[in-house]
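Each chain, letter by letter, is given below.
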Amino acid sequence: MNVTVKLTGTLVARTGTHEARVAVPDDATVADVVDELAEQHGPQVRAGVLDGRRLRSDTVVVRERFDSTETLSTRSSLENGDTVRFRLNV
């Protein structure tokens, strides 16, 4: 499945982009998306988002839908076509 990832703050510097599209397995979680971003853009992405297998305390991930947003964790499952935004609370 495909997930659109929107990046802000230092994650833009770490990836070189404001938006990425990643292909992940059908049962993917936010952690899988981070792993794929790290594959595409380097290990600095993982360090900028995760503390071990958990989100860093300064990182918030939200699923954006037309009429709502939902805060996610690394274990949150995703659906094909989802858009998730990685925000740094600095």
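Each remark here, short or long, concerns the structure printed above.
These notes cover the structure that comes with them. (Residues numbered from 1 in each chain as written. Predicted model: local features only at pLDDT ≥ 70, side-chain atom pairs only at ≥ 80, totals over all residues. Heavy atoms only, no water.)

1. Here we look at the sheet that holds strand 6 (residues 68–72)
The five strands are arranged 2-1-7-5-6 in an open sheet whose pairing can be described as mixed. Of all the strands in the sheet, the pair left with one neighbour each is strand 2 (19–23) and strand 6. Direction aside, neighbouring strands of the sheet carry axes that sit 30° apart on average. Along the sheet, helix 2 (residues 30–41) contacts strand 1 (2–7), strand 2, strand 5 (59–65), strand 6 and strand 7 (83–88); its crossing angle with strand 2, the most-contacted strand, is approximately 110°. (Pairing = 2+ DSSP bridges. Helix = DSSP H or I, 4+ residues; strand = E, 2+ residues; numbered from the N terminus. Axes fitted to C-alpha atoms, helices over the stretch in contact; angles between N-to-C directions. Contact = heavy atoms within 4.5 Å.)

2. Observations regarding the pairing of strand 1
Looking along a regular strand, one sees the side chains alternate between the two faces of the sheet. Where strand 1 lies against strand 2, five bridges are found, and the strand directions are antiparallel. Opposite threonine 4, over in strand 2, you have arginine 21 as the bridge partner.

3. Things to note about helix 2
Across its twelve residues, helix 2 extends 16 Å between first and last C-alpha, which sits within 8% of the 16 Å expected from 1.5 Å per residue. Here helix 2 has its buried residues at Val30, Ala31, Val33, Val34, Leu37 and Ala38. Viewed along the axis of helix 2, the buried residues span an arc of 155°, placing them on a single side of the element. (Expected span 1.5 Å × (residues − 1). Buried < 20%, exposed > 50% of the residue type's maximum accessible area, 1.4 Å probe, protein only. Arc of directions from axis to C-beta.)

4. Thoughts on the nonpolar core
Formed by 23 residues in total, the largest nonpolar core has its most connected members in Val3, Val5, Val33, Leu37, Leu78, Val84 and Phe86. Among the secondary structure elements, those contributing two or more residues to this core are strand 1, helix 1 (10–15), strand 2, helix 2, helix 3 (44–49) and strand 7. Of all the elements, helix 2 adds the most residues to this core, at four residues. With sequence-adjacent residues up to four places away left out, valine 33 is seen in contact with Val3, Val5, Val22, Val24, Leu78 and Phe86. (Core = buried A, V, L, I, M, F, W, Y, C linked by side-chain atoms within 4.5 Å.)

5. Some remarks on the environment of proline 43
Note that proline 43 resides in the loop between helix 2 and helix 3. Once the C-alpha coordinates of proline 43 and threonine 15 are considered, the two residues, 28 residues apart in sequence, prove to be 9.9 Å apart.

6. Some points on the side chain of threonine 59
Within the element layout of this structure, threonine 59 appears in strand 5. A distance of 3.2 Å separates the side chain of threonine 59 from the side chain of aspartate 58, its partner in a polar contact. Setting aside its immediate chain neighbours within four residues, threonine 59 contacts Gly48, Val49, Arg87 and Leu88. (Polar contact = N/O pair within 3.5 Å; in protein donor to acceptor, adjacent residues only side chain to side chain.)

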